[in-house]
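# An overview of the molecular structure
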Amino acid sequence: MSETLERSAAAPVHSAPGASDDVARWLAAFETALAAGDVDAATGLFTETSFWRDLVAFTWNLKTVEGRAGVRSLLEGTLEATKPTRFRLDGEASEADGLVEGWFTFETAAARGFGHIRLKGKLCWTLLTTMRELKGFEEKKGRAREKGVHHGAEAARKSWLERKEEEEAKLGYETQPYVVIVGGGQGGIGLAARLKRLGVPTVIIEKNERPGDSWRKRYKSLHLHDPVWYDHLPYLPFPDDWPVFAAKDKIGDWLEHYTRIMELNFWGSSTARSAAFDEASGEWTVVVDRDGQEVVLHPRQLVMATGLSGKANKPRFPGMETFKGDQHHSSEHPGPDAWTGKRAVVIGSNNSAHDISAALWEAGADVTMVQRTSTHIARSDSLMELSLGGLYSEDAVERGITTDKADLIFASVPYRIMPDFHVPVYEAMKARDADFYARLEKAGFLLDFGEDGSGLFMKYLRRGSGYYIDVGASELVADGKIKLKSGVGIAGIREHSVAFDDGTELPADLIVYATGYASMNGWVADLMGQDAADRVGKCWGMGSGTTKDPGPWVGELRNMWKPTALPNLWFHGGNLHQSRHYSQFLSLQLKARMEGLDTPVWGQDEVHHTS
């Protein structure tokens, strides 16, 4: 995501014996201090301004601490239970521009871990520790894989298919799942695959009939804006001839096949109607409408995998009920075919608004995009070359950067300093695409690069909106082919038009509200009531103090992939990259609880915002 991240990705190129010695010495000193319980000595191994990001290994949480005081607090709260040991350099370390970087393995009482370190002047600047597997509960893979058949004679033998069908028929009826996942998009499916490999009985509840329908039912022009190397699912990467930017129906088909191959318990045409947790029994009661039949499930753990872009944020403008044409949210947009020669108004200026506007123009509609606030635009080619290419590209693959390693490199940068890594990327993008941006602004488009110039991904992390990856629609805006109404508010909807607060109106046969999505805890309100939603609080954002991400600073995404204020309730979601990467850590937390392991959560954040 910047030159510094690319250096991490290409570490073997810069490997140096001195760098490896420095990392090995630091790890040995750290292990010695921890073994002695000498928190002072361990804390002294970090720079004054330093960052330790732990993904479950020490904290049973996703937690970043800052500075020596933060390191001290983490160690004092976790060292006795964690019992960390066996810190060993993995491969060769690298050195460039005053930074030494290296990978390492380690163990705790419960698990084996993997980590990354950056040294400044022989002291630790950034530390990443991640849990990789639970001791005694490893996935049955490689040499530990199951044989699959018992050779020899066996009376009344049941075939693999018979055993599979019997399990599916009983689960949720005669036996109870340990985990219920509400939402069967890529997030729920990927998490269920992780849990399946760990032997955790799981049921996915999905309102659509088939896996992948959440993609198939979107507007027909939809393609992924992220590249293929960024989007693999756990365990089964896309084939090496898979297109860089896959179509929605292709992704839908892949998810359906993936669900079958991974043998997941997917309940399609099913809707969770209510959920309640009994703290005395430690069980949920989840009432499900399964294709018209009521089924009551009693899992121990409930995961909301309804997606960051799941609950539509539908506006309420005066006069909407009087509109004589067709109006709907972008999530309900069927496509452009019925609107040839008609007047379409798209309210919004982010990804969906651009995609839908472009498709409507291609179908021969008269399209106007209404931009109420500024938007960050990043051209797809520039984003690939300047931002993603160092970690997620064919070049990265050829350098030996696996998806797993790329994910860890990205995770090794704490969110507090991530903007510093991104600002130079978007400064370069401004210079590279200066003519493009000038043409957009001349057309009246309101541009920004984030409040601190850190661009697209920080906007995504902070608020989940406010940007568009340009795959062609911006050229239509710059050329005036997609008309633009910018910097105005909506005064109301009339019978045949949209009225603005500047006194103007736009005639319309179709209004598409590309107005984004609400916080994931809105689904909690639907299932458990508003009090429960307020108790768990806002999902997403880090408390950066920027637009739609109010402080205070918490250092990790609120409520995602970690324990929440509601017992045994979890949130899973994000883009394909995040769903893949963080499903590993959520699945390990759930498996540990199923097996009755001690999981003392350290550093759980207070709830500051209810929605």
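Scroll up for the structure.
The notes below deal with the structure included here. Computed from a predicted structure; not experimentally measured.

### Observations regarding the overall build of the protein
- The secondary structure content of the protein amounts to 19 helices and 24 strands.
- What you see for the protein is a C-alpha radius of gyration of 25 Å, in line with the 25 Å of a compact globule of 611 residues.
- Here the C-alpha coordinates of the protein stretch approximately 75 × 65 × 50 Å along the principal axes.
- Classification of the 611 residues of the protein by burial places 56% in the buried group.
- Considering only contacts in the protein between residues 6 or more positions apart, those separated by 24 or more positions represent 67%.
- Of the accessible surface of the protein, which amounts to about 24900 Å², a share of 48% is contributed by carbon and sulfur atoms.

### What about the environment of L75?
- Of note, L75 is situated in helix α4 (residues 67–82).
- Taking the C-alpha atoms as reference points, L75 and V39, separated by 36 residues in sequence, lie 6.8 Å from one another.
- Leaving out residues up to four positions away in the same chain, L75 has contacts with L34, V39, A42, W52 and F58.

### Section: the environment of Y437
- Relative to the assigned elements, Y437 resides in helix α14 (residues 434–442).
- When the C-alpha positions of Y437 and A378 are compared, they lie 9.6 Å apart, and in sequence the two are 59 residues distant.
- Excluding residues within four positions of it along the chain, Y437 makes contact with I377, A378, M429, K430, L447 and F449.
- At 2.8 Å, the side chain of Y437 forms a polar contact with the backbone oxygen of I377.

### Points about the packing of aromatic side chains
- Following the criterion strictly, the structure yields 29 aromatic pairs and no others.
- Ring plane angle 45° and centroid distance 5.9 Å describe the contact between F104 and F106, whose orientation is recorded as tilted.
- Between the NZ or CZ atom of R53 and the centre of the ring of Y415, over which it lies, the distance is 4.9 Å.
- Its end group placed over the ring of F449, K430 keeps NZ or CZ at 4.9 Å from the ring centre.

### Observations regarding the nonpolar core
- Core analysis: the largest hydrophobic core is formed by 167 residues, its most contacted members being W26, W52, M528 and L569.
- Not counting residues up to four positions away in its chain, the partners in contact with L569 are W284, L302, M304, V524, M528, V536 and T564.
- By size, the runner-up hydrophobic cluster in this structure holds 15 residues, among which are M320, F323, V345 and A508.

### Some details on the sheet that holds strand β1 (residues 46–55)
- Taken together, six strands build an open sheet; the order of strands is β2-β1-β6-β5-β4-β3 and the sheet is mixed. Each edge of the open sheet carries a strand with a single partner, namely β2 (62–66) and β3 (85–96). On average, each strand axis in the sheet is inclined to that of its neighbour by 15°, with strand direction left out of account.
- Bridge analysis of strand β5 (residues 111–120) against strand β6 (residues 123–134) gives 10 bridges, and the strand direction is antiparallel. Note that in β6 the partner of G115 across the bridge is T129.

### Section: unusual backbone geometry
- With an omega of 5°, the peptide bond running from G551 to P552 counts as cis.
- Inspection of the secondary structure assignment puts P552 in the loop between α18 (530–536) and β24 (569–571).
- Positive phi outside glycine occurs at V56, with the angle close to 80°.
- Looking at V56, the relative accessible area reads 0%, which means it is buried.
- Of note in this structure, D97 is not a glycine but carries a positive phi near 50°.

### Notes on the pattern of salt bridges
- All chains considered together, the criterion is met by 46 salt bridges.
- The partner of R72 in a salt bridge is D40, and the shortest N-O contact between them spans 2.6 Å. Pair noted here: R72 is in helix α4 and D40 is in helix α3 (residues 39–43), with a separation of 32 residues, a long-range link.
- Judged by its relative accessible area of 52%, D40 is exposed.
- A salt bridge links E107 to K135; the shortest N-O distance between them is 2.9 Å.

### A few points about the pairing of β1
- β1 sits mainly inside the fold: eight of its 10 residues count as buried.
- Looking at chain direction, β1 and β6 are connected through six bridges and run parallel. By the bridge assignment for β6, F46 is matched with C124.
- Adjacent in sequence and paired antiparallel, β1 and β2 are bridged by six residues, among which V56 carries a positive phi angle near 80°.

### Quick notes on the side chain of S583
- Mapped onto the elements, S583 comes out in helix α19 (residues 576–594).
- A polar contact is formed between the side chain of S583 and the backbone oxygen of S579, at a distance of 3.0 Å.
- From its side chain, S583 meets the backbone oxygen of R580 in a polar contact 2.7 Å long.
- For S583, the residues in contact, after removing those within four places along its chain, are G190, L191, R194, P234, H572 and Q578.

### Thoughts on the sheet that holds strand β9 (residues 266–267)
- The strand order across the open sheet formed by five strands is β9-β8-β7-β13-β24, and the pairing between neighbours is parallel. Where the open sheet ends on each side, the last strands, each with one partner, are β9 and β24.
- The pairing of strand β13 (residues 301–304) with β24 spans three bridges and is classified as parallel. Bridging across to β24, V303 finds its partner in W570.

### Digging into α14
- Inspection of α14 places F436, Y437 and L440 among the buried residues, and these make up the whole buried set. Along the axis of α14, the buried residues cluster in a sector spanning 95°; they form a single face. In α14, the exposed positions angled more than 90 degrees off the buried face are occupied by D435 and K442.
- Packed against the buried residues of α14 are β17 (376–379), α13 (418–432), β18 (467–470) and α16 (473–478).
- Positive backbone phi, at 100°, marks G444, one or two positions downstream of α14.

What counts as what
Residues numbered from 1 in each chain as written. Predicted model: local features only at pLDDT ≥ 70, side-chain atom pairs only at ≥ 80, totals over all residues. Heavy atoms only, no water. Helix = DSSP H or I, 4+ residues; strand = E, 2+ residues; numbered from the N terminus. Rg over C-alpha atoms; globule rule 2.2 N^0.38 Å. Buried < 20%, exposed > 50% of the residue type's maximum accessible area, 1.4 Å probe, protein only. Contact = heavy atoms within 4.5 Å. Areas by Shrake-Rupley, 256 points an atom, 1.4 Å probe, with all protein chains shown as cover. Polar contact = N/O pair within 3.5 Å; in protein donor to acceptor, adjacent residues only side chain to side chain. Phe/Tyr/Trp six-rings, centres within 6.5 Å; stacked < 30°, edge-to-face > 60°. Lys NZ or Arg CZ within 6 Å of the ring centre and 35° of its normal. Core = buried A, V, L, I, M, F, W, Y, C linked by side-chain atoms within 4.5 Å. Pairing = 2+ DSSP bridges. Axes fitted to C-alpha atoms, helices over the stretch in contact; angles between N-to-C directions. Salt bridge = Lys/Arg side-chain N within 4 Å of Asp/Glu carboxyl O. Arc of directions from axis to C-beta.

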